[in-house]
Amino acid sequence: SQELEQSPQSLIVQEGKNLTINCTSSKTLYGLYWYKQKYGEGLIFLMMLQKGGEEKSHEKITAKLDEKKQQSSLHITASQPSHAGIYLCGAGGYSNTGKLIFGQGTTLQVKP
Amino acid sequence: EAQVTQNPRYLITVTGKKLTVTCSQNMNHEYMSWYRQDPGLGLRQIYYSMNVEVTDKGDVPEGYKVSRKEKRNFPLILESPSPNQTSLYFCASSLSDSRTEQYFGPGTRLTVT
């Protein structure tokens, strides 16, 4: 089973709607990353969260790490077609300071 | 400009023909790592390096080798590529370890026939 579970696996929303993607771990997260990727292309860094309860925003995207540091959510407000892509959460220091694992990704489509 | 570069970006090769994918960073980062990305399986770590001459296995190291002779370079070597190594490969670096911001290269799409 995946150590980092992302949900949902895919999402189709109407332009202008809000949406949330979740990333859940069975272990404490020490460095939680959110990336965006266009299919087959490179990864675009969105945000990194390290402290329990931490919340960061960039334009219309907000990410939060819960107090227990085992779940993170990525929220997009008033979605636009430019938000479409694959969203990946990653966790560093999962079993040691070198290991980094990723969730399976969430594919987002935004209908104009 | 601070960046991670990978070469080649695209490669088609045949089974058994040794190949190397280079990765270089210009940020004086200690930590470097390699990943492969496959549909339905996400990004999986192949190898990582905490510093020069220090490398360790990630989750899918079989069939791959790496070396870290210099701080800036971290090549990925496929001694005898097989079709199941057809994938999209990414190199990344960060200041200290997997818990600091990761900078990713543009990716290398490898096809082994």
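Refer to the structure presented above.
Quick caveat: nothing in here was measured; it's all calculated off a predicted structure.

Trainee: Now, about the interface of chain B and chain A: what can you tell me, with residues and values included?
Mentor: Facing the 22 residues of chain B at the interface are 23 residues of chain A. At the boundary of chain B with chain A, total buried surface from both sides reaches about 1800 Å², with 55% on carbon and sulfur atoms. Contact with chain A buries surface across chain B, with Leu43(B), Ser98(B) and Arg99(B) losing the most and accounting together for 31% of the total. Residues Asp59(B) and Lys99(A) are paired through a salt bridge, measuring 3.7 Å at the closest nitrogen-oxygen approach.

Trainee: Before we move on, could you go through the side chain of Gln102(B) and cite the residues and values that matter?
Mentor: Along the polypeptide, Gln102(B) turns up in the loop between strand 9 (87-94) and strand 10 (103-104). Leave out the neighbours within four places in its chain, and Gln102(B) touches Tyr33(A), Tyr35(A), Leu100(A), Tyr31(B), Ser33(B), Tyr35(B), Ala92(B), Ser93(B), Ser94(B) and Asp97(B).

Trainee: Got a sec to walk through unusual backbone geometry? Specific residues and values, please.
Mentor: Cis rather than trans, the peptide bond between Ser7(A) and Pro8(A) has omega equal to -5 degrees. Mapped onto the elements, Pro8(A) comes out in the loop between strand 1 (4-7) and strand 2 (10-14). Each neighbour pair has its own omega, and for Asn7(B) with Pro8(B) the value is -5 degrees, a cis peptide bond. Along the chain, Pro8(B) turns up in the loop between strand 1 (4-7) and strand 2 (10-13). A positive phi angle is found at Glu59(A), which is not glycine, with a value near 55 degrees. In this structure, Glu59(A) sits in the loop between strand 6 (55-58) and strand 7 (61-65). Classification of Glu59(A) as exposed rests on a relative accessible area of 73%.

Trainee: Before we move on, could you go through the sheet that holds strand 7 (residues 65-66) of chain B and cite the residues and values that matter?
Mentor: Residues and elements named next belong to chain B. Ordered by their spatial adjacency, four strands build an open sheet running 1-3-8-7, and the pairing between neighbours is antiparallel. Each end of this open sheet is capped by a strand with a single partner; those strands are strand 1 and strand 7. In the sheet, strand 1 pairs with strand 3 (residues 19-25) via four bridges, with the strands oriented antiparallel. Its bridge partner lying in strand 3, Gln-6 is registered against Cys-23.

How each quantity is defined
- Residues numbered from 1 in each chain as written.
- Chains lettered and ligands numbered in written order.
- Predicted model: local features only at pLDDT ≥ 70, side-chain atom pairs only at ≥ 80, totals over all residues.
- Heavy atoms only, no water.
- Contact = heavy atoms within 4.5 Å.
- Buried area = accessible area lost by both parts, 1.4 Å probe.
- Salt bridge = Lys/Arg side-chain N within 4 Å of Asp/Glu carboxyl O.
- Helix = DSSP H or I, 4+ residues; strand = E, 2+ residues; numbered from the N terminus.
- Buried < 20%, exposed > 50% of the residue type's maximum accessible area, 1.4 Å probe, protein only.
- Pairing = 2+ DSSP bridges.

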